[in-house]
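Spelled out from the first residue to the last, the chains are:
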Amino acid sequence: MAEKVEINDIGKYVNTIDDIGNNWMLVTSEKDGKANTLTASWGGLGFLWRRPVAFIFIRPSRYTYGFIESSGRFTLTFFDGQKEALGYLGKTSGRDVPDKVAQAGLHETKVDGQPTYEEGRFMISCRVLYRDPIERDKYLDKTIDDQFSLGDNRSVMYIGEIESAWKL
């Protein structure tokens, strides 16, 4: 059973550089009663506008993008292991494979009404406060854009207020 965690204690459960950059996380959003997820290794946690926040980056070409745009919400789920499953979920679109979570061997569940996964160890629930598309002319070092943007398929940055955190 999930246990609610004080937002100020998230740092006890998530090491953002290791958990996001090296171990990855799932970004999940729901619309019309259906959830979709993608694997992410870009993002972070912090404090902005006197609120605890998470920031993520999603390309408009990703199926999950439409879910976040529609619902204005997302969850971040962190795992111990599960790299193979997360790798599969990062390469496979829910647009093409509607049961990709099951194919990856994970089991969707809800905590506090928000989508997450039984195999996860920690989940953060967020409400979008701000979105902004990444633009080439704003890079001070254009080589970053050249390396990561895939042409005109640049990410949109979302800043979400952390509304709750859960030890799974």
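We now turn to the structure provided with this report. (Residues numbered from 1 in each chain as written. Predicted model: local features only at pLDDT ≥ 70, side-chain atom pairs only at ≥ 80, totals over all residues. Heavy atoms only, no water.)

**Things to note about the packing of aromatic side chains**
What counts here: Think of it this way: a Phe, Tyr or Trp ring, Trp meaning its six-membered ring, pairs with another when their centres are within 6.5 Å, and the plane angle makes it stacked under 30 degrees, edge-to-face over 60, tilted otherwise. Helix and strand assignments follow DSSP, with helices taken as H or I runs no shorter than four residues and strands as E runs no shorter than two, numbered in order from the N terminus. Only protein chains enter the area calculation, which uses a 1.4 Å probe; residues under 20% of their type maximum are buried, those over 50% are exposed, and those in between are partly exposed. Two conditions define a charge sitting above a ring: the NZ of Lys or the CZ of Arg must be within 6 Å of the ring centre, and it must be within 35 degrees of the ring normal.
Across all of its chains, the model carries 7 aromatic pairs by this definition. A centroid spacing of 5.1 Å and a plane angle of 10 degrees characterise the contact between tyrosine 13 and phenylalanine 122, whose relative ring orientation is stacked. Taken together, the residues span a long stretch of sequence, with tyrosine 13 in the loop between strand E1 (3-5) and helix H1 (16-22) and phenylalanine 122 in strand E9 (residues 122-133) at a distance of 109 residues. Note on tyrosine 13: relative accessible area 28%, which makes it partly exposed. You can call phenylalanine 122 buried: its relative accessible area is 1%. Where phenylalanine 55 meets phenylalanine 57, the ring centres are 6.1 Å apart and the plane angle is 85 degrees; that geometry is what we call edge-to-face. On the accessibility criterion, phenylalanine 55 (30% relative accessible area) is partly exposed. Note that lysine 83 overlies the ring of tryptophan 24, its terminal NZ or CZ placed 3.7 Å from the centroid.

**Looking at the nonpolar core**
Stated formally: In this text, buried Ala, Val, Leu, Ile, Met, Phe, Trp, Tyr and Cys residues form a nonpolar core when linked through side-chain atoms within 4.5 Å. The contact definition used throughout considers only heavy atoms, calling two residues in contact when any of these lie within 4.5 Å.
Judged by nonpolar contacts, the single largest core of 23 residues is most densely connected at Val27, Ile56, Phe74 and Leu76. If you list the elements that add at least two residues to this core, you get strand E2 (25-31), strand E3 (34-40), strand E5 (51-58), helix H2 (63-71), strand E6 (73-78), E9 and strand E10 (156-167). When residues in this core are grouped by element, the largest group, 4 residues, is from E10. With residues up to four places along the chain from it excluded, the contact list for valine 27 reads Asn36, Thr37, Leu38, Ala40, Ile56, Ile58, Thr64, Ile68, Phe74, Thr75 and Leu76. Residues Ala85, Leu86, Leu89 and Leu106 belong to the second largest nonpolar core, which totals 9 residues.

**Things to note about unusual backbone geometry**
A positive phi angle, near 55 degrees, is found at tryptophan 49, a position not held by glycine. Secondary-structure assignment places tryptophan 49 in the loop between strand E4 (43-48) and E5. Notably, arginine 50 is not glycine yet its phi reads approximately 60 degrees, a positive angle. For arginine 50, the position within the fold is in the loop between E4 and E5. A residue is classified by how much of its surface remains accessible, and arginine 50, at 79% relative accessible area, is exposed.

**Side note on a nonpolar patch on the surface**
What counts is decided by this rule: Any residue with relative accessible area above 30% and no salt bridge may belong to a patch, with like charges joined within 9 Å and the nonpolar Val, Leu, Ile, Met, Phe, Trp and Tyr side chains within 5 Å. Note on areas: Shrake-Rupley with a 1.4 Å probe; residue coverage comes only from the protein chains shown. By definition, a salt bridge exists where a carboxyl oxygen of Asp or Glu is found within 4 Å of a side-chain nitrogen of Lys or Arg.
Side chains of Trp42, Ile144 and Phe148 sit close together on the surface and give an oily, nonpolar patch of about 260 Å² of accessible area. Along the chain, isoleucine 144 falls in helix H5 (residues 142-148). Overall, the relative accessible area of 39% leaves isoleucine 144 in the partly exposed class.

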